[in-house]
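Summary of structural features
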Amino acid sequence: EQRHRPAPVAGQEPAGQLADDMGKIAGLFHIPIPRIGDLADAINHLDDNAQSSGGAIIDVMRRVGGMAATLKMPAKEAAALGSTFLSLGSSAEVAGTASNAVMQILGAATAQSKRVRMGLASIGFAPAGIQVGMAKDATGTILKLLDKLNSLPSEQRMVAASRIFGAEYGDDIAKLASGADEYRRQLALVNGEQQKGSMAREFDARLEAT
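These remarks concern the structure in this document. Remember, predicted model here, so these are calculated numbers, not experimental data.

Re the nonpolar core
The biggest cluster of nonpolar side chains holds 63 residues, and the ones touching the most others in it are M61 and L145. If you tally residues by element for this core, the top one is helix 10 (residues 154-178), at nine residues. The contact partners of M61, leaving out residues within four places of it in the chain, are I25, L28, F29, L39, I43, A75, A78 and A79.

Okay, structure coming up:
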C-alpha cells in the first residue's frame, strides 16, 4: 500500500545527521560520494511505497553494511532486505540483527554448527552450495531459501527456520519467508527506473507546496 507523504530521508532527519549517516553508508559499501544520491533516491522511494521509514532503513543499513559489503550485496538490495523486515513489523534493531544473521549464517554455511548444516540439508540445500551461492548472488540465494521455507507447512517452516537460524531469529526468518513476495516487490522498487530522481521530485513538490 503506497503512502504519499513526506519522506523522513528528506524531511524529518536533520540535514547534518542525514549527510553523516549517508557518508558512513557510502564508506561501508564503498560507494563514491558523487553516487550516494542514487542510494538516497532508492531509500526515499522505499519510504514512499512501503511500510518503512527512510530513517529506519538508514539505521538498518548502518547495522548491516559491513556484512553486506563482505558478500558484495549491492547497497540498494541491502536496503530492500532491511525495509522488508521493517514493513513486516520488525524494529530497526531486529531488522538489522536478523539481516546480519541471514547473511552471516548462509555466507559461512560450512562453518556453522551441525544443527545448522542439518537444517539446511533437511530442506534440500548443501551448506557448501549455499555458501558459494551467497558469494555469487547473495540476494538470489536468500530468495531461494525463503521460497523453500515458504513451501513448507507453517509449523514445519518455523521448525526449519529455527534449526538454521536459531531460536532467536527463526520466527523473524519464517515471517520473512511468508513475505517473500513483498521482498521481491521492494527489490523491484529499488532497481526500477521510477526510483531515479525520487529525492529531487520530492524536493520540488515541497517547494511547490511552500
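Text resumes after the structure shown.
As for unusual backbone geometry
Phi is positive for H30, close to 55 degrees, though the residue is something other than glycine. Within the secondary structure layout, H30 lies in the loop between helix 2 (15-28) and helix 3 (36-49). Judged by relative accessible area, H30 falls into the exposed class, the value being 67%. The backbone of K72 shows a phi angle near 60 degrees, a positive value even though the residue is not glycine. With respect to the helices and strands, the residue K72 is situated in the loop between helix 4 (54-70) and helix 5 (75-87).

Some details on the environment of L86
For L86, the location among the structural elements is in helix 5. Sequence separation between L86 and A56 is 30 residues, and the spatial gap between their C-alpha atoms is 7.9 Å. Setting aside chain neighbours within four positions, we find L86 in contact with Q51, S52, A56, I57, V60, S91, A92 and A95.

Looking at the pattern of salt bridges
Where charged atoms from two side chains of opposite charge approach closely, those side chains can pair. What the rule picks out here adds up to five salt bridges. With its nearest N and O atoms 3.1 Å apart, the salt bridge here joins R63 to D59. Here D59 and R63 lie together in helix 4, a separation of four residues that amounts to about one turn. You can call R63 partly exposed: its relative accessible area is 38%.

Observations concerning the side chain of S52
Note that S52 resides in the loop between helix 3 and helix 4. Within polar-contact distance, the side chain of S52 engages the side chain of S83 at 2.7 Å.

Definitions and limits used
Residues numbered from 1 in each chain as written. Predicted model: local features only at pLDDT ≥ 70, side-chain atom pairs only at ≥ 80, totals over all residues. Heavy atoms only, no water. Core = buried A, V, L, I, M, F, W, Y, C linked by side-chain atoms within 4.5 Å. Buried < 20%, exposed > 50% of the residue type's maximum accessible area, 1.4 Å probe, protein only. Helix = DSSP H or I, 4+ residues; strand = E, 2+ residues; numbered from the N terminus. Contact = heavy atoms within 4.5 Å. Salt bridge = Lys/Arg side-chain N within 4 Å of Asp/Glu carboxyl O. Polar contact = N/O pair within 3.5 Å; in protein donor to acceptor, adjacent residues only side chain to side chain.

That is the geometry; function is a separate question.
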